[in-house]
Amino acid sequence: MPNVQAIWRGVDRHLVSLGAAILVLALVLCVVAPGFASVTTLYDMALALLPLLILALGLMFVLLVAAIDLSITATVAMTSVIAASLITRNGGYLSGELGIVIAFVSFILVGALIGLANGAMAAYVRMPSFMATLGTYLLLGGAAVWYTSLHTSSSSIAGLPGAFSVVGRGSVGPFPIALLIAAAVTVLAWLLVNRTAFGRWLAAVGSGQEAARVAGVPVQFTILGAFVICGVCAGVASIILTARIETGSPVLASNMLLDVVGAAVIGGVSLYGGVGKIGGVILGVLLLTMLDVGLRLMGMSLFAVLTVKGLVIVLAAAIDGLRNRMARR
Amino acid sequence: MVNRRNFTLGTLAAAVAGAAAGSWSLGALAQGGEGRVVALLFDSLQSPFWVSSNRILKQKIEEKGWSFLEAVSSLDDAKQFDQVKSMLSRNVDGIVIIQTDANAVIPAIREANAANVPMVHFMRPPAESDAKSITIVADNRTLAGDVANFVVEEARRLGGLKACVLVGDLGDANSIERRDGFLDVVSAHGDVVEVVSTIPTEWDPDKAFSGLTNALQANPDINCIFTPSDFLLPQIEQALKIAGKWVVRDEEGHVVLAGFDGDEGAYQRLRDGFLDVCGVQNLFLGVDLAIASFEQVWAGSEPEATQMARGFVIDYKNMAERETEMWGYHVLNG
């Protein structure tokens, strides 16, 4: 007979608790939120959470090294307008299938370059990451609007080809393309964190840079890499968001920052670095999205939804703070 | 004994219990209402025009014996797209939408088309596309032109004006039409009205305030301002006060002020002698047209795709006769 106590000791209690919380919330919403327990709603919810999941996974890498990237949503907007300007039917620089492929690459490349700049400021210039990325956030926010104004008299770049927009709503067999992209990002992130030396370096740097340096960890390279991965994730999320609204927008995802940080923190990624699991981030995203969709289905106003979500995020951050304090005792 | 494990489990259990209890009670409040259900999807409620639109739409819907569900996207196009899908999942019979971006709303219209649910764009038209919806729109260009005609008259009376033109968000067709309607007329009368400054506000009050403050410093001889929405009037008033130009009509230093919308702030300033003219949007007619459009679609007929809610110009000369037609008058006087 298996030793139940031994199994229980091996279980991540935070994930189990979070899973239980999600289960209870789902049961409650099935009863009180009209339409929540329908295949359409659950399908829509699963699709809606994918960009948030990719962004939260990206941010997890930066949080693991005890830094933060506040420019992640501005990176989404910047990649959106640059890629859209390449392929718009209203005077885009490129056309045809090759143009769309180049646009996909540009999402990733621009995201990576922004991540590289953020990482360089944090790792080599040794700027506090919140200050460096706050600056980048403002810079990118303005630059995205300016760049858009160079390409259209409107406030967004429309006329994206159907072959691109299909990423937002199309499917391969029974699987939505966006879901396949998110699944690929999740698997890659899991492999990076759990099966590579880089993953161990992330945890080591987040737990203490000096100790990591003494142990031979390339601290600066690790921080740089975390920011680049975060930028790439922003580019990938931007692909899905841009394709979904068929428009390159300089304000895309501008209201998502709290959700991204919140989902990661609810998922158990420590704001103090060194702690975080892919499974936790997935559950954090799921909990936050369920709250959002469920409360909206109940007819609650945006302000009430924001209040409830804010409370949950504050609670999660408080738990993180107290757990960190207890761990240090 | 309190350890990390018990602390985490206890806190999460308490959070879930609290959220469940809160959700339960709020859910009970959100229920109710029989017959047709209309979704009201606003992108923000930051100006009196949209707050009043929201209120009048709800009143009319309730008068019809229908019920409503509402959501505000906080200027987030992707979120509004999700809200449309949520409302369709809840089997609403019609959607009134005020989108942020004319282009980004097109996929949402397609979703509504696929679900066979009529969508009405209230006072903010979408970009042209193959997706089908109904647009209730003010005659922005004509109305802004009529406001400009009054400004030209005043310019002739006063011996010429130097104007500053505020512009809304360039992604909003209303902004562009109001700008073009005003500029079309004044540029044809360049002998009496000279536009010395144009300020893009993106519907952001802070940008309007800083832009106007800078313009007044760079061009101290500005003596006429056109705003494409009355919700920017408090910022204009503040900028003019700082410049020492907040002066009532017919007194030395008065700046001819032209507004658009017809909200309670505009009514108050018109009455007090600071605002000279205003293009009033016919909010009541717009709501009636939206309601009638739903009824036509549900009855199996096809309403016109674009319907004009014609507005009118109110100025200090005709104010006594027309003030009761101004929706801002009713907001201020209950």
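A short tour of the structure in this document, coming up. Because the structure is predicted, anything quoted here is derived from the model rather than measured.

**Digging into the nonpolar core**
Part 1 of the reasoning: With 214 residues, the main nonpolar core has Leu55, Ala56, Leu59, Cys233 and Ala264 of chain A together with Val147 and Val151 of chain B as its most contacted residues.
Part 2 of the reasoning: Here the element with the most residues in this core is helix 12 (residues 219–245) of chain A; it accounts for 17 residues.
Part 3 of the reasoning: Not counting residues within four places of it along the chain, the set of residues in contact with Cys233 of chain A comprises Ile54, Leu55, Leu57, Gly58 and Val185 of chain A.

**Overview of the pairing of strand 2 (residues 67–72) of chain B**
All names here are of chain B.
Part 1 of the reasoning: In terms of residue burial, strand 2 counts as a mostly covered element, since 5 of its 6 residues are buried.
Part 2 of the reasoning: When strand 1 (residues 37–42) meets strand 2, the two strands line up parallel, connected through 6 bridges. Bridging from a neighbouring strand, Ala39 pairs with Leu69 of strand 2.
Part 3 of the reasoning: Crossover handedness for the path strand 1 to helix 2 (residues 48–63) to strand 2: right-handed.

**Details of the sheet that holds strand 8 (residues 224–226) of chain B**
Residue and element names in this part refer to chain B.
Part 1 of the reasoning: Sheet architecture is open: 6 strands sit in the order 7-6-8-9-10-12, paired in mixed fashion. At either margin of the open sheet sits one strand with a lone partner, and together these are strand 7 (193–200) and strand 12 (312–315). Put simply, the sheet's adjacent strands are angled 20 degrees from each other on average, direction ignored.
Part 2 of the reasoning: One ladder, built from 4 bridges, connects strand 9 (residues 256–261) with strand 10 (residues 277–280); its direction is parallel.

**A closer look at the sheet that holds strand 1 of chain B**
Pairing between the strands of a sheet is mediated by backbone hydrogen bonds and can be parallel or antiparallel.
All names here are of chain B.
Part 1 of the reasoning: Strand order in the open sheet formed by 6 strands is 2-1-3-4-5-11, with parallel pairing between adjacent strands. Since the sheet does not close on itself, it has two edges, and those belong to strand 2 and strand 11 (306–309), each with one partner. The sheet shows a mean angle of 20 degrees between the axes of neighbouring strands, taken without regard to direction.
Part 2 of the reasoning: Sheet topology places strand 5 (residues 134–138) next to strand 11; 4 bridges connect them, and they run parallel. By the bridge assignment for strand 11, Thr135 is matched with Thr306.
Part 3 of the reasoning: Seen against the sheet, helix 3 (residues 77–89) touches strand 1, strand 2 and strand 3 (94–97) and runs at an angle of roughly 175 degrees to strand 1.

Conventions adopted
- Residues numbered from 1 in each chain as written.
- Chains lettered and ligands numbered in written order.
- Predicted model: local features only at pLDDT ≥ 70, side-chain atom pairs only at ≥ 80, totals over all residues.
- Core = buried A, V, L, I, M, F, W, Y, C linked by C-beta atoms within 7 Å.
- Buried ≥ 20, exposed ≤ 12 C-beta atoms within 10 Å, placed from the backbone.
- Helix = DSSP H or I, 4+ residues; strand = E, 2+ residues; numbered from the N terminus.
- Contact = placed C-beta atoms within 7 Å.
- Pairing = 2+ DSSP bridges.
- Right-handed = clockwise from strand over helix to strand, strands pointing away.
- Axes fitted to C-alpha atoms, helices over the stretch in contact; angles between N-to-C directions.

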